[in-house]
Amino acid sequence: MELRDAHCHYQFAEVPYAAVEQARADGVGLAMINGSAPSDWEDVAALGRRDPRNRMSFGLHPWDVPDRARGLGRDSARDSARTSNGWRRRD
């Protein structure tokens, strides 16, 4: 049976793709890798580009919203651009 991980943060592992490979060996097929701050979104995107079974989610951790949302502003969605392989930050 293939498992699906609906909420993981492989980008925080010491070796992120090794964590993904361990999950695959343990039976996890699809994984939703959740970004929790702009500082980790590129790492999440890289994991998603590497393997289409890694689904990506970009946002703010709820604990950090009061502090971070002020700095992002209303048009923060324009700071990211969709590519055929996932999301990447515009510089």
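Scope of this entry: the structure provided in the associated data block.

Quick notes on the rules
Residues numbered from 1 in each chain as written. Predicted model: local features only at pLDDT ≥ 70, side-chain atom pairs only at ≥ 80, totals over all residues. Heavy atoms only, no water. Phe/Tyr/Trp six-rings, centres within 6.5 Å; stacked < 30°, edge-to-face > 60°. Helix = DSSP H or I, 4+ residues; strand = E, 2+ residues; numbered from the N terminus. Lys NZ or Arg CZ within 6 Å of the ring centre and 35° of its normal. Contact = heavy atoms within 4.5 Å. Core = buried A, V, L, I, M, F, W, Y, C linked by side-chain atoms within 4.5 Å. Buried < 20%, exposed > 50% of the residue type's maximum accessible area, 1.4 Å probe, protein only. Arc of directions from axis to C-beta. Pairing = 2+ DSSP bridges.

A word on the packing of aromatic side chains
- According to the stated counting rule, one finds 1 aromatic pair in the structure shown.
- Between the aromatic rings of Trp41 and Phe58, the centroid separation amounts to 6.3 Å while the plane-to-plane angle is 85 degrees, which identifies the pairing as edge-to-face. Placement of Trp41 in helix α2 (residues 38-50) and of Phe58 in the loop between β3 (54-57) and α3 (65-72) is noted, with a sequence separation of 17 residues between them.
- The cationic tip of Arg50 hangs over the ring face of Tyr17; the distance from NZ or CZ to the ring centre is 3.8 Å.

Quick notes on the side chain of Ser36
- Along the chain, Ser36 turns up in the loop between β2 (28-34) and α2.
- When sequence neighbours within four positions are dropped, the list of residues in contact with Ser36 reads His9, Gln11, Phe12, Trp41, Gly59, Leu60 and His61.

Considerations on the nonpolar core
- Residues Cys8, Tyr10, Tyr17, Val20, Ala23, Val28, Ala31, Ile33, Val44 and Leu47 constitute the largest nonpolar core, which totals 10 residues.
- For Ala31, the residues in contact, after removing those within four places along its chain, are Asp5, Cys8, Tyr10, Arg24, Arg53, Asn54 and Arg55.

A closer look at α2
- Turning to α2, its buried residues number three or more, namely Asp40, Trp41, Val44, Ala45, Leu47 and Gly48. Buried residues of α2, seen end-on, are gathered within an arc of 160 degrees and therefore sit on one face of the element. Summarising the geometry of α2, the exposed residues directed more than 90 degrees from the buried face are Ser39 and Arg50.

With respect to the pairing of strand β1 (residues 3-8)
- Bridge count for β1 against β2 is 4 bridges, and the pairing is parallel. Within β2, the residue paired with Cys8 across the bridge is Ile33.

Read these as layout, nothing more, since geometry by itself doesn't imply function.
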